[in-house]
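# Notes for the structure review
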Amino acid sequence: DGFALVGAAPDQVRAKRERFAAIDRTRRTACGGFEDHVAAPEAPGPWRRLEDRAKGYHCATGEQMKLGAQDNCEPLELGRSVCDTTHPTRPGVHLAIERIGPFRSVGNYDWSS
């Protein structure tokens, strides 16, 4: 759930939800949980870490960000990982599931702070 197709027939919405659910089950089976890799990022497993990384800052409050990120915020390095698997219902189709992070939030769905 969590998405809507404006103007779509209920059977189209149902079919799309079933496809997404099948892909998510495949991701959990082939790649494990997203949290597994965060706890031990260097441990062997299905997730392959990509080399490109981005540097940024985590600020506990928006006020800290206004004061100057380098002096008042914690340095943060974002990485990318990918897990390769096959599509659950389409033979011969390859899925590359990518994740980016870690992200931290101060809560209330406020990712900009």
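Below you will find a few notes about this structure. Counting from 1, residues in each chain are numbered in the order their sequence is written. Local features in this predicted model are restricted to residues of pLDDT 70 or higher, and side-chain atom pairs are both shown and tallied only at a pLDDT of 80 or more, whereas totals for entire chains, interfaces and linings draw on every residue. In computing side-chain values, all of the structure's heavy atoms are included and hydrogens and water are not.

Below, the discussion takes up the environment of Asp84. Segments assigned H or I by DSSP are reported as helices when at least four residues long, segments assigned E as strands when at least two residues long, and all are numbered from the N terminus. Positionally, Asp84 belongs in strand E2 (residues 74–86). Three exposure classes are used, based on accessible area relative to the maximum for each residue type with a 1.4 Å probe and protein chains only: buried under 20%, partly exposed in between, and exposed over 50%. Among the residues examined, Asp84 registers a relative accessible area of 37% and is labelled partly exposed. In the structure, Asp84 is positioned 54 residues away from Ala30 in sequence and 8.2 Å away in space, judged by C-alpha atoms. Note on contacts: a residue pair is in contact if any heavy atoms of the two residues lie within 4.5 Å. If near-sequence neighbours (up to four positions away) are discounted, Asp84 is found in contact with Arg48, His94, Leu95 and Ala96. Side-chain atoms alone can form a polar contact between residues adjacent in sequence; in general such a contact is a pair of N or O atoms within 3.5 Å, and within protein one must be able to donate a hydrogen while the other accepts it. A polar contact of 2.9 Å, which involves the side chain of Asp84, links it to the side chain of Arg48. A distance of 3.3 Å separates the side chain of Asp84 from the side chain of His94, its partner in a polar contact.

Pairs of cysteine sulfur atoms within 2.5 Å are what we label disulfides. This structure, assessed with the given rule, holds 1 disulfide. At a sulfur-sulfur separation of 2.0 Å, the disulfide partner of Cys31 is Cys83. With the S-S bond torsion at -95 degrees, the cross-link from Cys31 to Cys83 turns out left-handed. Taken together, the positions of Cys31 in helix H1 (residues 10–31) and Cys83 in strand E2 put the pair 52 residues apart, joining distant regions of the chain. Cys83 matches Cys31 in its accessibility class, with the two residues each being buried.

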